[in-house]
Each structure stands twice: as C-alpha cells, then as structure tokens.
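# A structural walkthrough
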Amino acid sequence: MNVIRLIAKEFFGMFVDDGSLALLALLLVAIIAAAVKLLALPPLLGGALLLVGCLAILLQSVRRAARGTNR
Amino acid sequence: MHSLTPILSTITAAFLASVVEVVEAFTIVLAVGVTRSWRPALTGAALALAVLAALVLAFGPLLALIPITTLQFVVGVLLILFGMRWLRKAILRSVGVIALHDEAAAFSKETAALHQLANDRRADYLAGLASFKAVLLEGVEVVFIVIAVGAAHGQTLYASLGALAAFVLVVLIGLAVHRPLARVPENALKFVVGLMLTSFGIFWTGEGIGADWPGADLALLAIFAIVALASFAMVRGLRSAYPASAGGLAR
C-alpha cells in the first residue's frame, strides 16, 4: 500500500509544483477546448491561443517566484 | 522529413529527459553500493525495475483502447503541465532564484546517512530500500515520459529506445568514472527537456482539439523555437529586473 501511495504522490508531484501554474494551465486548456467545441472557434486559432497563453502563464509564474525571493 | 521530425524529436526528448532521471537514481544506487555493499544496492534497483515493468505491462495495453484524438489531448495536457513545471524550475535556476541541483551533494548526503547506519542491524535492508525508492521514483517519471512522448503518435518504441540509450550511457559512464555524475549539466538538460515537453504538449493538445498545424509535424519545430525564444527572453528579463537573485547559471 505504501508503494502505491509513494507512486501516486510522485506522479502528482510530476505535474504540480507551483499550484497556480498548473491550475491556470488547466483553465486555459478548458476554456480553449470549450470555445473550439461549443463556440466554433477555429481549432488552429485555439492552438495559437494555447501557445501564447502557456507562455503568459509561465511568465507570470516565474515573475511571481522571482519577486518573492527579492522581498 | 515529415516522418523523420517526430521520430527524431521523440527519441531526443525521451533520451534527454531520461538522462536527468537516470543520473538522479544512479547517484543514490552508487552511494548505497559504495558505502554499504553492492548486494542491497543492486537488489533494491532490480526490484524497483520489476515494479516499473509490471506497471508498464498493466497500464500500457489500456492505451490502445483510447481513441487517438482523446489520447493526444490528455497526453498533451499532461505534457504541458509536466514540461512547464520543468521549464519554470530551469528558468528560476538559471537566474539564481532557486539553487542548482547538486549530484555531488546528493551523493555526500546519501553516503553520510548510510555511514550513520553502518552498525545498524537493519542497515542492509535500509540501504536496499533507499536504492529501491530512488529507482522506483525516478523510473516512474521515465515511464511517463516514454508513454507520453511515444503514445500520441504511436512511437512508444522510439521513445523506449531513447530512454534505454540514456540508461545504458549513464550506467557505462558511471561505472567507468565510478563516482557521482556531478559533471552532467543538469539544469541545461532540464531547460532543453522542459522546452521539448512543453512544445510536444502544445502541439498534441492542439491536435486533440482538431487543429491542423501548418506544415504538419514541422510545426513542432516552430512551436519549439517560439517557446525557446520566449523562455530565454524571460531569463534575460528576470536577470535585469531582479539582479539581486541573479548569480546562478544554467550549467
């Protein structure tokens, strides 16, 4: 049982380090997928928005971390 | 060219990501072997590899049951999370916000802990457990990377070859120099792997929602270039905006 818990914990940790980074990335994907499937947003535009959105989220996350250490 | 691009990028991503994980696991196994004895070190490592093989055999065939676009979407999203986590850490290490990972320090810490246990009757068991845990935990990441970068384009075999090459290379170098692989430029590797996994993730998530990327598989290279340029710009921007934290370099 410990082994399974250990693996589950490691697996979760593989994706989530900065909680808000993971949450914002998931929100971005969900919003874009919903816009493509429900609002007929062109899928290629959705892909481009995904690229730009991921970079914006990454920038926000690293800036917040850098600000935190400089306080 | 169109079919070679994903094969080469799959092998390279699996190889580079696996090198990082294998080095981390190998450092602990080496510390156990050198400090205690090779029997618990190799027993623990072998048991962990058996558990990993069982995991692959148990979950691998389930992937074939999932429709390819669903698989691309799910794997793509997981790769975005996984890749951006690595990329974030690599950027912050490059600008000195967080410390570089030090394999020599990890080796020293592990050997010191094992020396303290030298007279403990359970020392062999604990040494084997340390080796088992290291190989299992780092191995789970390797298994995920192989499945993730391989499954979405039906290239699990190529991804496995990349991971296997990393394993063989690290073990051969490790046995030859017989000390922790402290010279492996881990943060630079993590930077490149983070860029590749994030690019794979965006590419496959896009395909999963129905995007026909211009240039088909070659779009992967363009996405990689954009993510790389943006990441290097972030490093430069952070270094000038927060000079107090700067000082670390991507080794």
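All of these numbers come straight from a predicted model, not from anything done at the bench.

About the thresholds
Residues numbered from 1 in each chain as written. Chains lettered and ligands numbered in written order. Predicted model: local features only at pLDDT ≥ 70, side-chain atom pairs only at ≥ 80, totals over all residues. Heavy atoms only, no water. Helix = DSSP H or I, 4+ residues; strand = E, 2+ residues; numbered from the N terminus. Buried < 20%, exposed > 50% of the residue type's maximum accessible area, 1.4 Å probe, protein only. Contact = heavy atoms within 4.5 Å. Areas by Shrake-Rupley, 256 points an atom, 1.4 Å probe, with all protein chains shown as cover. Buried area = accessible area lost by both parts, 1.4 Å probe. Salt bridge = Lys/Arg side-chain N within 4 Å of Asp/Glu carboxyl O. Polar contact = N/O pair within 3.5 Å; in protein donor to acceptor, adjacent residues only side chain to side chain. Nonpolar A, V, L, I, M, F, W, Y, C, P; charged D, E, K, R; others polar. Patch = residues over 30% accessible without salt bridge, like charges linked within 9 Å, V, L, I, M, F, W, Y side chains within 5 Å. Axes fitted to C-alpha atoms, helices over the stretch in contact; angles between N-to-C directions. Left-handed = near helix turned anticlockwise from the far one by under 90°. Phe/Tyr/Trp six-rings, centres within 6.5 Å; stacked < 30°, edge-to-face > 60°. UniProt positions renumbered as here; feature names shortened; annotations may be inferred. Core = buried A, V, L, I, M, F, W, Y, C linked by side-chain atoms within 4.5 Å.

### Comments concerning the overall build of chain B
Summing up its helical and strand segments, chain B has eight helices and zero strands in all. Counting helices and strands in the order they occur from the N terminus, chain B gives α-α-α-α-α-α-α-α. Here chain B holds 251 residues, and the buried ones make up 51% of them. Here the analysis covers contacts within chain B between residues at least 6 apart in sequence; of these, 85% occur between residues at least 24 apart. A total accessible area of about 11,100 Å² is found for chain B, and carbon and sulfur atoms account for 70% of it.

### Some details on the interface of chain B and chain A
At the junction of the two partners, chain B supplies 43 residues and chain A supplies 40 residues. Roughly 3,600 Å² is buried in total at the junction of chain B and chain A, and carbon and sulfur atoms are behind 82% of that figure. Taken together, the links from chain B to chain A amount to zero salt bridges. Scanning the region where chain B abuts chain A turns up one residue pair in polar contact (both at pLDDT 80 or more). The dominant element in the side of chain B that touches chain A, judged by the number of residues it contributes, is helix α3 (residues 68-94) of chain B, at 13 residues. The class makeup of the residues in the side of chain B that touches chain A is 31 nonpolar, six polar and six charged.

### Considering a nonpolar patch on the surface
Residue and element names in this part refer to chain B. Residues Leu49, Leu157, Tyr158, Leu161, Leu164, Phe167, Val168 and Leu172 make up a contiguous nonpolar surface patch of about 750 Å² in total accessible area. Element by element, the count of residues in the nonpolar patch is highest for helix α6 (residues 156-177), at seven residues. Position of Leu172 among the secondary structure elements: in helix α6. Relative accessible area serves as the criterion here: at 55%, Leu172 is assigned to the exposed category.

### Description of the packing of helix α5 (residues 123-151) of chain B against α6(B)
The packing of two helices is summarised by the inter-axis angle and the distance between the axes. Residues and elements named next belong to chain B. Between α5 and α6, the shortest axis-to-axis distance is 7 Å and the interhelical angle comes to 145 degrees. The two elements α5 and α6 meet at a crossing, and its hand is right-handed. From α5, Val142, Val146, Val149, Gly150 and Ala151 reach across to α6, where they touch Thr156, Ala159, Ser160 and Ala163.

### Examining the packing of aromatic side chains
Residue and element names in this part refer to chain B. Summed over all chains, the structure comprises five aromatic pairs over all chains. Between Phe82 and Trp86 the ring centres are 5.5 Å apart and the planes differ by 45 degrees, which places this aromatic pair in the tilted class. Of the two residues, Phe82 and Trp86 both sit in helix α3, four residues apart, roughly one turn of that helix. With respect to class, Phe82 is no different from Trp86; both count as buried. Considering the side-chain rings of Phe203 and Trp213, the 6.1 Å spacing of their centres and the 15 degrees angle between planes classify their relative orientation as stacked. Pair noted here: Phe203 is in helix α7 (residues 186-208) and Trp213 is in the loop between α7 and α8 (219-241), with a separation of 10 residues, a long-range link. Comparing Phe203 with Trp213, the two get one shared label, buried. Here the aromatic cluster, defined as three or more aromatic residues joined through ring pairs, consists of Phe82, Trp86 and Phe144.

### Structural notes on the UniProt feature "transmembrane region" (unreviewed entry) in chain A
All names here are of chain A. Here, UniProt's "transmembrane region" (unreviewed entry) annotation points to residues 21-39 and 45-62. The span residues 21-39 shows a helical share of 95% and a strand share of 0%, and its end C-alpha atoms are spaced 26 Å apart. Across residues 45-62 one finds 100% helix and 0% strand; the C-alpha atoms that close the span lie 26 Å apart.

### Comments concerning the nonpolar core
The biggest cluster of nonpolar side chains holds 97 residues, and the ones touching the most others in it are B:Leu79, B:Ile91, B:Val149 and B:Ile202. Top element by residues in this core is helix α1 (residues 4-35) of chain B. It accounts for 15 residues.

### Structural notes on the environment of B:Ser240
Residue and element names in this part refer to chain B. Inspection of the secondary structure assignment puts Ser240 in helix α8. On the accessibility criterion, Ser240 (58% relative accessible area) is exposed. For the pair formed by Ser240 and Val95, sequence separation is 145 residues and the distance between their alpha carbons is 9.6 Å.

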